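The lines below spell out each chain.
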Amino acid sequence: MFTDKMILRIPGPTPIPPRVQQAMNQPMIGHRSGQFSELFARTEQRLRPYFGTSGEVFILAGSGTSALEMSVVNTLQPGEEAVVLVSGAFGERFAKICERYGIIVHRLEVEWGEAVTPEALSSFLADKPQVQAVFATYCETSTGVQNPIRELAHIVREKSNALFIVDAVSCLGAVACEMDAWGVDIVVTGSQKAFMLPTGLAFLAASKRAWDVIDSKKPLAFYLDLKAYRKSLADKTTPYTPAVSLIFGLVEVCNMLDEEGLPAIIKRHELMRDMTRAAMRALGIPLMASEEYAATTVTSCHPHDAFDAEQLRKVLRTKHNIVIAGGQGHLKGKIFRIGHMGFCEPLDVLQVIAAIEMSLQQIGAPVELGAGVKAAQEVLLAHV
Ligand SMILES: *Cc1c(COP(=O)(O)O)cnc(C)c1O
């Protein structure tokens, strides 16, 4: 097999489109040059529609978690209180970041595989008037659940004065996000998921309400001081050396996103979700997320005792060159997750399903070859 044809069907890092790869190979330029400043400022503006904001999108060098941390250290102080919606591993990460900085965390936990409902949030907030921020995960990558951010934002606005801060790392660029219209205060994301880039860029957008809070507080970290990023962005640059090659790639990503258009991108991801879920159902493999809250970027499957998820992943990788993800936390070794986001299209989904069917046969699990592929093809044909 071609060793350079390893096919990534994990929820990040995702495959890099050739034209983005090529853009990143441009010769290095000085990051304080006029050439870079113009490119950087234009690209920042082009990102705004994907966040649904008229405000600035701050770009920093770091993985997605750096933007999560940035949203915490600029809005809260030790001893202040926050509510964190925990529907999986990434909600838990937000809670841990807050706790590391001495913030008092109230976890609203739901069973992994479930979404946080507006009703649950509404009653949870009822006796916590002192809470200053509510943290949520848009797509909970560890379970394949997409939380109802628009409705949750509505509850936060209605029931409290807290900021509403959203981790959209594993879905922004592939889902609807109207932070201004929905009343979301901070949205953060990263480069290696739906943005089709290598890891290394993190993004954060903040509302006017968020800025009023940020301006009134002393940041708890140095590198992640948002006020420094705002000051630099006014001069079309960043406070510390930007990841220039990744910005070159980001320009090409913006070209690709704009060419396809967000409505078509959203539809493509919905179709890939529907194909994947139809296939798993046809193969008799239980899905973790309900129909209502299934993520469009990653599908999580729980085979229970039917077969060993880790054995399936191993055969897929070693015999078919396809990588899918396993479980995190208490689901480690128990589930498998198929990433279908970014540089991925419906025919790629047929490929991973076909390979899963063959791998199931190879590990001795009961499978009817072609059943999942057929179900997915039927979903696809109904759309084209
Ligand atoms: C991938 C991911 C992150 C960030 O992870 P990094 O490894 O720091 O890039 C954060 N939240 C969610 C929901 C994610 O999927």
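Taking an unreviewed UniProt entry as the reference, the protein chain is identified by name as Alanine--glyoxylate aminotransferase family protein belonging to Brevibacillus ruminantium. Heading Cofactor (unreviewed entry) of the UniProt record for the protein chain holds this comment: "pyridoxal 5'-phosphate". The UniProt entry for the protein chain carries the following text under Sequence similarities (unreviewed entry): "Belongs to the class-V pyridoxal-phosphate-dependent aminotransferase family."

Peer 1: Any details on helix α8 (residues 208–215)? Residues and values, ideally.
Peer 2: It helps to recall that an α-helix has 3.6 residues per turn; residues three or four apart then point in one direction. Every buried residue of α8 is listed here: A210, W211 and I214. The buried residues of α8 occupy one face: seen down the axis, they fall within an arc of 100°. For α8, the N-terminal cap is S207; the gap from its side-chain oxygen to the backbone nitrogen of R209 is 3.4 Å.

Peer 1: Quick one: what's the story with the domain arrangement of the protein chain, residue by residue and with numbers?
Peer 2: Here the protein chain is partitioned into domain 1 (7–14 + 261–383) and domain 2 (18–258). If you average the C-alpha positions of domain 1 and of domain 2, the two centres end up 27 Å apart. The interface of domain 1 with domain 2 comprises 27 residues on the first partner and 31 residues on the second. The junction of domain 1 with domain 2 conceals about 2,200 Å² of combined surface from both sides, 64% of it contributed by carbon and sulfur atoms.

Peer 1: A description of unusual backbone geometry should follow, citing residues and the corresponding values.
Peer 2: In this model, G12 is joined to P13 through a cis peptide bond whose omega is 0°. With respect to the helices, strands and loops of the structure, P13 is situated in the loop between β1 (7–9) and α1 (18–24). One non-glycine residue, M196, lies in positive phi territory at about 60°. By the element assignment, M196 lies in the loop between β9 (186–190) and β10 (201–206). Judged by its relative accessible area of 5%, M196 is buried. Unusually for a residue other than glycine, H304 sits at a positive phi of about 50°. Secondary-structure assignment places H304 in the loop between β11 (298–301) and α12 (309–320).

Peer 1: An account of the packing of aromatic side chains is requested, with residue identities and associated values reported.
Peer 2: Enumeration according to the criterion identifies nine aromatic pairs in this entry. Between F36 and F40, the aromatic rings sit 5.6 Å apart at their centres with planes inclined by 25°, giving stacked as the arrangement. A residue pair is termed a helical-turn pair when its members lie 3 or 4 positions apart in one helix, as F36 and F40 do in helix α2 (residues 34–51) at four residues. Per residue, the accessibility class of F36 equals that of F40, and both read buried. Between the aromatic rings of F195 and F203, the centroid separation amounts to 5.5 Å while the plane-to-plane angle is 40°, which identifies the pairing as tilted.

Parameters at a glance
- Residues numbered from 1 in each chain as written.
- Predicted model: local features only at pLDDT ≥ 70, side-chain atom pairs only at ≥ 80, totals over all residues.
- Heavy atoms only, no water.
- UniProt positions renumbered as here; feature names shortened; annotations may be inferred.
- Buried < 20%, exposed > 50% of the residue type's maximum accessible area, 1.4 Å probe, protein only.
- Helix = DSSP H or I, 4+ residues; strand = E, 2+ residues; numbered from the N terminus.
- Arc of directions from axis to C-beta.
- Polar contact = N/O pair within 3.5 Å; in protein donor to acceptor, adjacent residues only side chain to side chain.
- Domains from an automatic or database assignment.
- Contact = heavy atoms within 4.5 Å.
- Buried area = accessible area lost by both parts, 1.4 Å probe.
- Phe/Tyr/Trp six-rings, centres within 6.5 Å; stacked < 30°, edge-to-face > 60°.

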